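Understanding the architecture of this molecule
Residue-level listing of the chains:
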Amino acid sequence: QVQLVESGGGLVQPGGSLRLSCAASGSITSIYFMRWYRQAPGKQRELVASITRGGTTNLGDSVKGRFTIRRDNDKNTVYLQMSSLKPEDTAVYFCNADVKTSSLAAVSNYWGRGTQVTVSS
């Protein structure tokens, strides 16, 4: 089994910064795509950012220029650096990853439980 655990959320003022981390643990052979999603109250979950194992990134239009995503493959960890935060960034942020648990296993998708980010003065 694989666990994804997010950390780093909290309350921040508009214009502030936060860094989220997501550490994967368990029976892991390889992690392919790693992603951050967010879900605000009453809204659908949306993809915020993704990164391939090789480091190619993709960011949602609403966060381009303000957020960056990176990963540490040795630590099985993905980070989301968020800057110039706005109240509309308030949401629960979820980590998501495509993981191969053994050489014979298929790639499976896993989710973390989420971490709350609140942007408010």
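For the structure, see preceding data.
Residues numbered from 1 in each chain as written. Predicted model: local features only at pLDDT ≥ 70, side-chain atom pairs only at ≥ 80, totals over all residues. Heavy atoms only, no water.

1. A short note on the packing of aromatic side chains
- As enumerated under the stated definition, the model contains two aromatic pairs in all.
- With centroids separated by 4.9 Å and ring planes inclined at 50°, the aromatic side chains of Y37 and W111 adopt a geometry described as tilted. Placement of the pair is Y37 in strand 4 (residues 30–39) and W111 in strand 10 (residues 107–111), with a sequence separation of 74 residues.
- For W111, a relative accessible area of 37% puts it in the partly exposed group.
- Both rings, one in F94 and one in W111, keep their centres 6.4 Å apart while their planes meet at 85°; by these two values the pair is edge-to-face. With a gap of 17 residues between them, F94 in strand 9 (residues 91–100) and W111 in strand 10 connect regions that are remote in the sequence.
- These aromatic residues form a ring-pair network of at least three members: Y37, F94 and W111.
- Across from the ring centre of F94, 3.8 Å away, lies the NZ or CZ of R45, which sits over that ring.
- The ring of Y79 is capped by R70, whose NZ or CZ atom sits 4.3 Å from the centre of that ring. (Phe/Tyr/Trp six-rings, centres within 6.5 Å; stacked < 30°, edge-to-face > 60°. Helix = DSSP H or I, 4+ residues; strand = E, 2+ residues; numbered from the N terminus. Buried < 20%, exposed > 50% of the residue type's maximum accessible area, 1.4 Å probe, protein only. Lys NZ or Arg CZ within 6 Å of the ring centre and 35° of its normal.)

2. Structural notes on the environment of V5
- The residue V5 is located in strand 1 (residues 2–7) in this model.
- Relative accessible area serves as the criterion here: at 52%, V5 is assigned to the exposed category.
- Separated by 76 residues in the primary sequence, V5 and Q81 have C-alpha atoms spaced 16 Å apart.
- Among residues more than four places away in sequence, those in contact with V5 are S21, C22 and A23. (Contact = heavy atoms within 4.5 Å.)

3. Some thoughts on the state of the cysteines
- Going through the model one piece at a time under the given rule, you end up with one disulfide.
- The disulfide bridge from C22 ends at C95, spanning 2.1 Å between sulfur atoms. With the S-S dihedral at roughly -80°, the linkage between C22 and C95 falls on the left-handed side. Here the residue C22 occupies a position in strand 3 (residues 18–26), and C95 occupies one in strand 9, the gap between them amounting to 73 residues. (Disulfide = S-S within 2.5 Å.)

4. Some points on the sheet that holds strand 7 (residues 67–72)
- Sheet architecture is open: four strands sit in the order 1-3-8-7, paired in antiparallel fashion. Since the sheet does not close on itself, it has two edges, and those belong to strand 1 and strand 7, each with one partner. Across the sheet, the mean angle separating the axes of adjacent strands is 15° when strand polarity is ignored.
- With six bridges joining them, strand 7 and strand 8 (residues 77–82) adopt antiparallel strand pairing. Bridge pairing links T68 to Q81 in strand 8. (Pairing = 2+ DSSP bridges. Axes fitted to C-alpha atoms, helices over the stretch in contact; angles between N-to-C directions.)

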